[in-house]
Amino acid sequence: ALALIEPLLAAAPARSFDRYVLAQIQAQILLTQGKLLEAIPPLETALRLGEGNPAFFDASANLEQLNLLAQLHYQRATELKGAAAQEKAYLVALGYLTRWLERSPRPTAEVRTFAASLLYQLGTLRDKPDSARIREAITQAREALLL
């Protein structure tokens, strides 16, 4: 299936609905194969195309993409070596998660718990803990408990 999608993606116009759908399919296949980190680029392409064209935009699909990208970048961060590389990946994950939280009509306990974990990881990544990030993590954990 991936071999069939590649030439179609190459032939699809850059901002087309075809490219949007093909990128989503490519990402789903990679996720199904367990190639989680390889699924990031096509997911980001689909997200960019979906958000850049009102005709493609679907709010619930957008939330799913943001949440999945946050989780994948978080996973990527845990596998990286070195605090600077990890911090960069965690911040990308936090960016996607923040967008999810801003757009979601009803944040879930699971997402709040994920946010708390992500913020805690960022807050304790360096030798000197970042107390502001840790306070944010506590706030998210409390919100999760309330939900």
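Values in this document were obtained by computation on a predicted structure and should not be read as measured data. (Residues numbered from 1 in each chain as written. Predicted model: local features only at pLDDT ≥ 70, side-chain atom pairs only at ≥ 80, totals over all residues. Heavy atoms only, no water.)

Counted under the stated rule, the structure contains four salt bridges. A salt bridge links Arg-99 to Glu-51; the shortest N-O distance between them is 2.4 Å. Of this pair, Arg-99 sits in helix α5 (residues 83-103) while Glu-51 sits in helix α3 (residues 40-52), and the two are 48 residues apart along the sequence. You can call Arg-99 partly exposed: its relative accessible area is 24%. We note a salt bridge from Glu-51 to Arg-103, for which the minimum N-O separation is 2.5 Å. Of this pair, Glu-51 sits in helix α3 while Arg-103 sits in helix α5, and the two are 52 residues apart along the sequence. Taken together, the shared-partner salt bridges connect Glu-51, Arg-99 and Arg-103 into one network. (Salt bridge = Lys/Arg side-chain N within 4 Å of Asp/Glu carboxyl O. Helix = DSSP H or I, 4+ residues; strand = E, 2+ residues; numbered from the N terminus. Buried < 20%, exposed > 50% of the residue type's maximum accessible area, 1.4 Å probe, protein only.)

Going through the model one piece at a time under the given rule, you end up with one cavity of 30 Å³ or more. Estimates place the volume of the largest cavity at around 40 Å³. Forming the boundary of the largest cavity are Tyr-20, Leu-47, Gly-50, Glu-51, Phe-56, Phe-57, Asp-58, Ala-61, Asn-62 and Gln-65. When residues of the lining of the largest cavity are traced back to their parent elements, those giving at least two are α3 and α4 (59-79). Its residues placed into classes, the lining of the largest cavity shows five nonpolar, three polar and two charged. (1 Å grid on protein atoms, 1.4 Å probe; cavity = no way out; pocket = protein on both sides within 12 Å on 5 of 7 lines; lining within 4 Å. Points joined across faces, edges and corners; volume = space filled by probe spheres on them. Nonpolar A, V, L, I, M, F, W, Y, C, P; charged D, E, K, R; others polar.)

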